[in-house]
Protein chains: 2
Amino acid sequence: MITLTEENYIKAIYHLGKYGINNVSTNAIAKEMETKASSVTDMVKKLSEKGYVDYKKYQGVTLTEKGKEIAINIVRKHRLWEVFLVEKLNFSWDEVHEVAEQLEHIKSKKLISQLDAFLEFPTHDPHGDPIPDKMGHIKKIDKILLSEAKIGNDCICVGVQDSSSDFLKYLDKNDIALGTELKVCHREAFDNSITIKIKAKELIISNMIANNLFVKVS
Amino acid sequence: MITLTEENYIKAIYHLGKYGINNVSTNAIAKEMETKASSVTDMVKKLSEKGYVDYKKYQGVTLTEKGKEIAINIVRKHRLWEVFLVEKLNFSWDEVHEVAEQLEHIKSKKLISQLDAFLEFPTHDPHGDPIPDKMGHIKKIDKILLSEAKIGNDCICVGVQDSSSDFLKYLDKNDIALGTELKVCHREAFDNSITIKIKAKELIISNMIANNLFVKVS
DNA sequence: AATAATTTTTAGATAAGTCTAAAAATTATT
DNA sequence: AATAATTTTTAGACTTATCTAAAAATTATT
Ligand SMILES: [Mn+2]
Ligand SMILES: [Mn+2]
Ligand SMILES: [Mn+2]
Ligand SMILES: [Mn+2]
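Below is a summary of the structure that appears in this document. (Residues numbered from 1 in each chain as written. Chains lettered and ligands numbered in written order. Predicted model: local features only at pLDDT ≥ 70, side-chain atom pairs only at ≥ 80, totals over all residues. Heavy atoms only, no water.)

**Quick word on the side chain of Asp125(A)**
All names here are of chain A.
Part 1 of the argument: Its place among the elements puts Asp125 in the loop between helix 6 (109-118) and strand 3 (144-145).
Part 2 of the argument: Within the structure, the side chain of Asp125 is placed 2.7 Å from the backbone nitrogen of His127, a separation counted as a polar contact.
Part 3 of the argument: Not counting residues up to four positions away in its chain, the partners in contact with Asp125 are Arg79, Glu82, Val83, Ile131 and Leu178. (Helix = DSSP H or I, 4+ residues; strand = E, 2+ residues; numbered from the N terminus. Polar contact = N/O pair within 3.5 Å; in protein donor to acceptor, adjacent residues only side chain to side chain. Contact = heavy atoms within 4.5 Å.)

Rendered as structure tokens:
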């Protein structure tokens, strides 16, 4: 049996290891889990004994196949529940994460496969993140950060990098949602802020905003 | 903050205390929670310190108003989730309890109020048990056990006493569901088995079955 | 009313997950 | 290459929830 705490560690290691080729460090896990490095060392030993991670002292960890499978399943559940909350229960996209953090630990294969069907097999969650299928396959779409788009590009919003409530509310306030079409008009050399046009309206957004919004160039 | 374990103890005490006027005994809780009496004593002390139960050594416990409120809220969540599983995710009534045992601990007021609305404010769960409303009010309906019905009574099934999988599957097999109409035809003096008529078909059921099926005489 | 049976509580131990403080190893800087 | 800074691990302690075994209180039986 896997505990809730173990699941959360495995998920954290998965998210931290997704990019870089390097092992995930103790401190990185500690930061992500909001706990102390010493606690992480203890847990990492346990996860290693249970075969969820490969671990060599002082060298950080990587998920084993078994560990990765568990992580992906948790991510799948998390994102399906987020879709449910938005599509069926009228949550807004900045309210779902906290609840999904709890729901992702519910153990029932039937529950998830039926939920998936009920939601008509969604491929992405409310933040544009892909939902792994039953087999754990994740479909990658070619998205870029808005900050990397070129002047003149016509784009469509497909996801967010940061999904903090503050950022999502900012987007709501400025009528930016997934599916919104926009054009990149101008980049200010000094601060890398960019001017975008949404429908008829022009809007200036900081580099930090552009760095957290994924778009597809059309 | 209230832990998952505390919630389960409070719920157990609620269910055990629902009938009798007496305090709930340590052993009764131990049996219900599948744990040892000594563990119960420890927990009961903690619940008492936190103000969820009234406890005097060797005298058992009763829920305080605060404790009852928590218990009823858990029951409300449990039963709403059961409705969701049956109505929306095509679970059968013998499959929902285990999953609802997990879902009942998810903490989010909005989740439950929205779920309630999404399900169109159901008043009873798939086993005929009443769902407390947002204020904790429980509507009692006047149901009797089928074993208490009189010969000649026309009845409608409104609930089950036991909701074990074995019992529910027996009912499924014999086309007895909530809402099913039946007539009590005959009671055998020797073993108290009774003959009932469902639509055109006659069926003999044991006293034990009749003792676990709630009906309303129409 | 005394004794026996049962229930409940206490005492002490264990496992999971966390913490602080100190030691050890690794990495960066001179 | 030596020293300094940082990261990671270890050692020991604490909390929650559990257990077994023994003691204490209650309840039932003679
Ligand atoms: Mn999320
Ligand atoms: Mn998401
Ligand atoms: Mn149930
Ligand atoms: Mn039920």
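**A look at the coordination of the manganese ion (ligand 2)**
All names here are of chain A.
Part 1 of the argument: Coordination of the manganese ion (ligand 2) by the protein involves Glu82 (OE), Asp125 (OD) and His127 (ND1), with metal-donor separations of 2.2 to 2.3 Å.
Part 2 of the argument: Between the donor residues of the manganese ion (ligand 2), the gaps in sequence give the motif E-x42-D-x1-H.
Part 3 of the argument: Between the manganese ion (ligand 2) and the manganese ion (ligand 1), a spacing of 3.5 Å is present, and a bridge between the two is formed by Glu82. Of the two residues, Glu82 sits in helix 4 (residues 65-87) while His127 sits in the loop between helix 6 and strand 3, which places them 45 residues apart along the sequence. The two residues Glu82 and His127 agree in class, both being buried. (Donors = N, O, S within 2.8 Å, 3.2 Å for Na, K, Ca; no water. Buried < 20%, exposed > 50% of the residue type's maximum accessible area, 1.4 Å probe, protein only.)

**Points about helix 3 (residues 37-49) of chain A**
Side chains of residues three or four places apart in an α-helix project in the same direction, reflecting 3.6 residues per turn.
Residue and element names in this part refer to chain A.
Part 1 of the argument: With 13 residues, helix 3 should cover 18 Å at 1.5 Å per step; its first-to-last C-alpha distance of 18 Å lies within 8% of that length.
Part 2 of the argument: Those residues of helix 3 not exposed but buried are Val40, Met43, Val44 and Leu47. Taken end-on, helix 3 shows its buried residues confined to a sector of 105°, consistent with a single buried face. Facing away from the buried side of helix 3 by more than 90 degrees, the exposed set consists of Ser38, Asp42 and Glu49.
Part 3 of the argument: In the core, the buried residues of helix 3 are packed alongside helix 1 (4-17), helix 2 (26-33), strand 1 (53-55) and strand 2 (61-63). (Expected span 1.5 Å × (residues − 1). Arc of directions from axis to C-beta.)

**Here we look at the protein's contact with DNA strand C**
Part 1 of the argument: Around DNA strand C sit 21 residues in total, of which Thr35(A), Lys46(A), Lys45(B), Tyr55(B) and Lys57(B) are the nearest.
Part 2 of the argument: Residue Thr41(B) places a side-chain N or O atom 2.8 Å away from a phosphate oxygen belonging to DNA strand C.
Part 3 of the argument: Here a phosphate oxygen of DNA strand C sits 2.3 Å away from a polar atom, N or O, in the side chain of Tyr55(B).
Part 4 of the argument: Looking at the surface near DNA strand C, the elements that each hand over two or more residues are helix 1 and helix 3 of chain A together with helix 2 (26-33) and helix 3 (37-49) of chain B.
Part 5 of the argument: Per-element tally for the surface near DNA strand C: the top contributor is helix 3 of chain A, with five residues.
Part 6 of the argument: Partitioning the surface near DNA strand C into residue classes produces six nonpolar, ten polar and five charged. (Near = heavy atom within 4 Å. Nonpolar A, V, L, I, M, F, W, Y, C, P; charged D, E, K, R; others polar.)

**Things to note about the packing of helix 1 of chain A against helix 2 of chain A**
All names here are of chain A.
Part 1 of the argument: Interaxial distance between helix 1 and helix 2 falls to 10 Å at its minimum, and their mutual angle equals 115°. The way helix 1 lies across helix 2 gives a crossing that is right-handed. Across the interface between the two elements, Asn8, Tyr9, Ala12, Ile13 and Leu16 of helix 1 pack against Ala28, Ile29, Glu32 and Met33 of helix 2.
Part 2 of the argument: A class-by-class count of the residues in the contact of helix 1 with helix 2 yields seven nonpolar, one polar and one charged. (Axes fitted to C-alpha atoms, helices over the stretch in contact; angles between N-to-C directions. Left-handed = near helix turned anticlockwise from the far one by under 90°.)

**Points about the side chain of Ser108(B)**
Part 1 of the argument: Mapped onto the elements, Ser108(B) comes out in the loop between helix 5 (96-103) and helix 6 (109-118).
Part 2 of the argument: A distance of 3.0 Å separates the side chain of Ser108(B) from the backbone nitrogen of Leu111(B), its partner in a polar contact.
Part 3 of the argument: Ignoring anything within four residues of it in the chain, the contact list for Ser108(B) reads Phe91(A) and Val99(A).

**Considerations on the sheet that holds strand 5 (residues 181-187) of chain B**
Residues and elements named next belong to chain B.
Part 1 of the argument: Pairing is antiparallel across the open sheet formed by six strands, whose spatial order is 3-8-4-5-6-7. Each having just a single partner strand, strand 3 (144-145) and strand 7 (201-205) make up the two edges of the open sheet.
Part 2 of the argument: Summarising the sheet, strand 4 (residues 154-160) and strand 5 pair through three bridges and their orientation is antiparallel. Across the sheet, the residue bridging to Cys155 is Leu182, located in strand 5.
Part 3 of the argument: Lying over the sheet, helix 7 (residues 165-173) contacts strand 4, strand 7 and strand 8 (213-217), oriented at roughly 145° with respect to strand 4. (Pairing = 2+ DSSP bridges.)

**Digging into the sheet that holds strand 5 (residues 181-187) of chain A**
All names here are of chain A.
Part 1 of the argument: If you trace the six strands from one edge of the open sheet to the other, you get 3-8-4-5-6-7, paired in antiparallel fashion. Among the strands making up the open sheet, the edge pair consists of strand 3 and strand 7 (201-205).
Part 2 of the argument: Strands in contact with helix 7 (residues 165-173) are strand 4 (154-160), strand 7 and strand 8 (213-217); relative to strand 4, the strand with the most contacts, it is inclined by about 145°.

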